Each structure stands twice: as structure tokens, then as C-alpha cells.
Amino acid sequence: MGGTVKTSVFALGALLLFALLVDTDGSTPNELCKSTGMSPYDYSQALCMSYLFYEAQRSGPLPSNQRVTWRKDSALGDGSDVGLNLQGGYYDAGDFVKFGFPMAFTATFLSWGLIDFAEGQKAAGQLEYGRAAVKWATDYFLKAHSGHFELYGQVGDGYADHAYWGRPEEMSMARPAFKITTGAPGSDLAGETAAALAAASIVFKSADPNYSGQCLTAAKELYDFANQHRQTYDTSIPQAADFYKSWSGYGDELCWAALWLARATGDNSYLSKARKHWDEFNLQESGLAFSWDDKKPGVYALYTMLDSDTLFRNTFSKYLTNLRNNAQYTPGGLVYIDQWGSNRHAANVAFLGLMGAKLGIDADANRQFGEKQINYLLGSNGRSFVVGFGNNPPQKPHHRSSSCPDMPQTCDYSALDNPGPNPQVLYGALVGGPDQNDQYVDDRRDYVKNEVACDYNAGFTAALGAMVENHYSK
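Attention in this report is confined to the structure presented alongside it.

The subject of this paragraph is the pattern of salt bridges. Inspection of the entire model under this criterion finds 22 salt bridges. Put simply, Asp78, Lys98 and Arg175 are held in one network by salt bridges that share partners.

Dropping the structure here:
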């Protein structure tokens, strides 16, 4: 009886939160993401803010229900150099390049959270915002998939872009578009985009069957492209190599895409293809990182869900045990995998821990591991690493548009060295994170510790849905 009452009260709270979110006229982001009183941290509020961050990253013409109102239409000429409309998608980080590879991983991860922790997303009143965040990316991918075995994987030049500090609405540098084709393929890029579209087809299967079908058709084509014409994408789009080089190769993306297609279609032939990739690329051997580059740990989790062969469950269990027991940790308890985006890496593997717990793999240990990591990001070691959330959050993220004052005031490189907080609060953004000793300084110029990125928030967002679901199931 107590559980029923608790669920009912929570459902009412979620409806009230949703009502607040719908009426956006005159509201600030902080007012949109009201506190729900959740303890020890307000995971629902953090999840709400994380989706606001994605609205701040939107490129192209903005919708009428845009809640981050200091952002306006931008990059409306994207694709004009190749005679296409490539508007939309997300700006990658604190800059304005649209890098398709990490953007696709972001969409896959956001979809994963919406699929497997849907109850948490619903309970927080965020399911529709989550779908909107995914669709902003997949709408762009459908346009970027401009022909059979053709995919635009980047818009903008990284070096020209990084030479500019200002608003995306006012940038004037050339934004060239780069693609992969049969003559210049990119199996990792095509494979990850296929995974994103396949996962999105599950997200929209009931909500929008027609759109779901479009995503699935494109996903199948892109997987075939990735598999039949093999090469790392940064060979074909060398402009990406200094920013998002595919160090792990493309074998993990081929298997990852095949698994997502197996899940989306129910067609076991995709499981057979995934097994061939598993064997060909020796995917059973993995490090600790799960990221835009290396999908192997995610492959273990998906395979555990889709295939009864104990090989995959045992591999996933072994990975999680190694992560819990043998990884490096900061004194404050953050699992420390890499200095670049230390928080991002912790959030990504936290999700895997929470997913492992849901699958019944060392459930208590993996749930505690995942929760400890997310709680660290939200403030358990003395400060929040999420802009606008909790105790002593970052105020100076390395992020161009939020560093700018209100228009029409000038914004240039002087904003980079502004000693005060960013004039626009970039609600929900997870900053890069501390070093191996928990040391962190809120410095806009420190792009290692203080930059934000779409992929930094992806696993964090998915894990927050799990945290809401777990919290209210107790």
C-alpha cells in the first residue's frame, strides 16, 4: 500500500512539473526545472536541465517552443556549398562545428536512456523533451543521408571555427560540408549513424510510427554502407582527424549498429552479422572507456539483452567487475578513466553499471557504483559539476554562446577573459571535470576541465533517467 501511495504522489508531482514546463512564456530555465524535493539529489531537476542544455546546442532555425530563449536561429546556410539543406543538428561543444560522429553517438545514447529507463523519464516529466532532443539530431541525419551510400559527416572547419569567439547567430566564416561515399567511405561514421537511427526508431515506434519507419529504413542503408565499404571515416574526412579521430577503428561500430538493428527489427540475421563482427574484430578484449570512439562495453550490454549465449553476459559482468575493482579512482571517488572529459567518462560507465544492475548482473554492487558516480557529478564531493544545479556549480564553462552578453551587445574574444560568470546560464551542462586528485578550477580558458559537449551530457542524461527510476522504485 505504501508503494502505491508513493507512486501516486510522485505521479501527481510529475504532472505538476510537466504543466510548469509546458507553460514557458516568461519563464527562466531555472523556473522551468523546478525542484521536486528528491533526495539526496534532485535527479528529476537535473534531468530536466540536461535536456535544456541540448536546446542551447541547437543549430539551424529554432522551433516556436524553444525554451532557451537567448539562442536564436543560426547557421541557416549550412549545406549551401553543396546545394543541400543541412540545417539543424547540434553544435558539438563550446564551438560551432557539427561533427557527425560524436553527434550520432549522442543520439544513440539518449535513445538508449529513453528506451530502457522510460519509466524514470516519464516520472520526471521529461519523456517528450527526451524525444525532442533525439529528433533534433535524427532529423539532421536524415537530411545528411543525402543519397544511397552517401552521408555528410561534418559541417564547418574546426580550425576556422576555433579562431572565432562569439555567437553562432553572428558567425561569418565559411562552413564547408564534408561527406563519405563509396569512393571515400567511413564505416565508423556510417555505422554509428545507423545505430542512432535504429535506436531512434524504437523511441518513436509508438509515438510516431511513420517517422520511426523513416529512421529504420535509413539505418538499414547506412549499416549496409558501413559494412560493404570499409574504411575509417577520418581517412575520408581528414578535417575531422584532429578533433574526432576514430582511434578504435570501425569494428565496434559495425557490431554496435548490427545489434541496434537486431533490437529495432527483431530480425535475427542482424544478430548473426553482429557475431561475425565480434569474431572478426576480437571485440571481447576491451579497455575501460565507453565513448564516442569505443563502443565495445556498450556492445557487451546490448548483446546481454539480445542473445542468450552466456559468453556475452559473462563478458559484460567481467567488464563491470574490472571497472569497479581495478579502475583508478580520485580520492573523492570519481572513477578516473581519462583527463579529457573525466566526468563524461564516469557518467558513461555509470550508465553501464546501472544497466548491468537492471539486467541482474551483481545488481547491488553495480547499482551502487553507478549511483556513486552520478552523485559525485551532482555534488557529493563538495561541489556540483553541472551548470546551474546544486552546490557551487560551474559558472564559467568554456562555451562561446553562453559567454556572450545579451544581444545586441558586442561579443568577441573579450568575453573569453570576462572575470565574471557567463552572462547566460548554460543550465544542465556537465563540464569536463577534475583531475585525478579531484582538483578543479572554474576557469573559462581551461578547455580540458571546463568545456562542455553534446557527448559529455549523453550518458549523464541517460543515467539520470535510471536514477529517477531507481529512486522511486524503492
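After that view, the rundown keeps rolling.
Enumeration according to the criterion identifies 2 disulfides in this entry. Residue pairing for cysteine 33: its cysteine sulfur links by disulfide to cysteine 48, the two sulfurs lying 2.1 Å apart. Taking the sign of the S-S torsion, about -75° here, the bridge from cysteine 33 to cysteine 48 comes out left-handed. With cysteine 33 in the loop between helix 2 (29–32) and helix 3 (43–56) and cysteine 48 in helix 3, the pair connects residues that are 15 residues apart, well separated along the chain. At a sulfur-sulfur separation of 2.0 Å, the disulfide partner of cysteine 404 is cysteine 411. Handedness of the cysteine 404-cysteine 411 disulfide follows from its S-S torsion of about -70°: it is left-handed. Like cysteine 404, the residue cysteine 411 is buried in the burial classification. Each disulfide of the protein joins two cysteines, and with those cysteines numbered along the sequence the arrangement is 1-2, 3-4.

If you look at the biggest cluster of nonpolar residues, it comprises 139 residues, and the most contacted ones within it are Trp112 and Leu378. Non-local contacts of tryptophan 112, meaning those with residues more than four positions away in its chain, are made with Phe117, Trp256, Trp260, Arg263, Phe290, Gly298, Ala301, Met305, Phe351, Leu352 and Met355. By size, the runner-up hydrophobic cluster in this structure holds 6 residues, among which are Tyr91, Phe96, Met171 and Met173.

Take the environment of threonine 310 next. For threonine 310, the location among the structural elements is in helix 15 (residues 310–326). Spatially, the C-alpha atoms of threonine 310 and valine 386 are 38 Å apart, while their sequence positions differ by 76 residues.

Turning next to the pairing of strand 2 (residues 151–155). Among the 5 residues of strand 2, 5 are classified as buried, and the element is accordingly described as predominantly covered. Alignment of strand 1 (residues 98–99) against strand 2, held across 2 bridges, turns out to be antiparallel. Opposite phenylalanine 99, over in strand 2, you have glutamine 154 as the bridge partner.

Moving on, we come to the packing of aromatic side chains. Scanning the entire structure with this criterion turns up 36 aromatic pairs. Judged by centre distance (5.8 Å) and plane angle (80°), the rings of phenylalanine 117 and phenylalanine 351 are edge-to-face. Here phenylalanine 351 lies in helix 16 (residues 342–358) and phenylalanine 117 lies in the loop between helix 4 (100–116) and helix 5 (118–123), a separation of 234 residues in the sequence. No difference in accessibility class separates phenylalanine 117 from phenylalanine 351, as the two residues are buried. Residue placement shows lysine 245 over the ring face of tryptophan 247; its charged tip is 5.4 Å from the ring centre. Here the basic side chain of lysine 358 rests over the ring of phenylalanine 117, its NZ or CZ set 4.6 Å away from the ring centre.

Calculation criteria
- Residues numbered from 1 in each chain as written.
- Predicted model: local features only at pLDDT ≥ 70, side-chain atom pairs only at ≥ 80, totals over all residues.
- Heavy atoms only, no water.
- Salt bridge = Lys/Arg side-chain N within 4 Å of Asp/Glu carboxyl O.
- Disulfide = S-S within 2.5 Å.
- Helix = DSSP H or I, 4+ residues; strand = E, 2+ residues; numbered from the N terminus.
- Buried < 20%, exposed > 50% of the residue type's maximum accessible area, 1.4 Å probe, protein only.
- Core = buried A, V, L, I, M, F, W, Y, C linked by side-chain atoms within 4.5 Å.
- Contact = heavy atoms within 4.5 Å.
- Pairing = 2+ DSSP bridges.
- Phe/Tyr/Trp six-rings, centres within 6.5 Å; stacked < 30°, edge-to-face > 60°.
- Lys NZ or Arg CZ within 6 Å of the ring centre and 35° of its normal.

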